[in-house]
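Understanding the architecture of this molecule
Here are the chains, one letter per residue:
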Amino acid sequence: MQSLKNKILPQIFIIYLRYLIGGAFVFASLIKIKGERFTSMSGANEAINTSWHFFETMYQSGLYWKFIGIGQLVAGFLLMTQRYAKLGACANLPIISSVFVITLSYDFGGTPIITGFMLLGNLLFIAWDWNELKILVNQKPIFDEMIFEKPRLEKDSIWVIIGLLLFSFTFIYRLFINQYDMLFWFLTCVIIGVIGLFFGLRNKVLSKT
């Protein structure tokens, strides 16, 4: 893991995986915070052992439904900042673990594949920063400054800016647009990410010259 953390491509992969998983949670959180159903139809009349009835029960709880949304929003935001991504990975782990088990417990079709990959991604975040996070299990942390001569790519402020742009767009679009277009949201995020990647790598190249 240490040799990978010193290479550009693995660092870029981790940065953008944080954007992806964090952005997905921010996107999903806001409908709960707004107090709206996850689906367009009520599941009150569905069988009690179905996913539709399960979501309807959580929605009807009111405060708990919004609490879940706030938890997802905070965890997603922390991941997207890069600067506080370690805290975000720790906060997101119990959330995505719970979501994964829920999708296994009910008939969600192929959804467990998606949530399973998201859980694996979050475990990768933990492994990526384990040298510092192992203080949580009473082991002495090892900071990057002790190992690497150069700071990791995520320390560059450009990645923080990109994360804040992606978060702000997702937050505003999902909060104020009821009839949202998933494809428009995703493509806009991709454009922001690609532009950010260009400037981020450009800064990296210029810093070497």
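Values in this document were obtained by computation on a predicted structure and should not be read as measured data. (Residues numbered from 1 in each chain as written. Predicted model: local features only at pLDDT ≥ 70, side-chain atom pairs only at ≥ 80, totals over all residues. Heavy atoms only, no water.)

Right, let's talk about the pattern of salt bridges for a bit. If you walk through the whole model with that rule in mind, you get four salt bridges. Here R18 ties to D129 by a salt bridge, and the two come within 3.1 Å at their closest N and O atoms. Note that R18 is positioned in helix 1 (residues 8-33) and D129 in the loop between helix 5 (111-128) and helix 6 (130-133), a separation of 111 residues in sequence. You'll find R18 and D129 in the same group, each marked buried. For the salt bridge of R18 with E154, the shortest nitrogen-to-oxygen distance reads 2.8 Å. Highlighted residues: R18 in helix 1 and E154 in the loop between helix 7 (144-147) and helix 8 (157-176), separated in sequence by 136 residues. E154 carries the same exposure label as R18, and that label is buried. (Salt bridge = Lys/Arg side-chain N within 4 Å of Asp/Glu carboxyl O. Helix = DSSP H or I, 4+ residues; strand = E, 2+ residues; numbered from the N terminus. Buried < 20%, exposed > 50% of the residue type's maximum accessible area, 1.4 Å probe, protein only.)

Formed by 18 residues in total, the largest nonpolar core has its most connected members in Y19, V26, M80, W159, I162, L166 and W185. For this core, the secondary structure elements donating two or more residues are helix 1, helix 3 (63-81), helix 8 and helix 9 (182-208). Residues within four places of I162 in sequence aside, it is in contact with Y16, Y19, I192, G196 and L197. (Core = buried A, V, L, I, M, F, W, Y, C linked by side-chain atoms within 4.5 Å. Contact = heavy atoms within 4.5 Å.)

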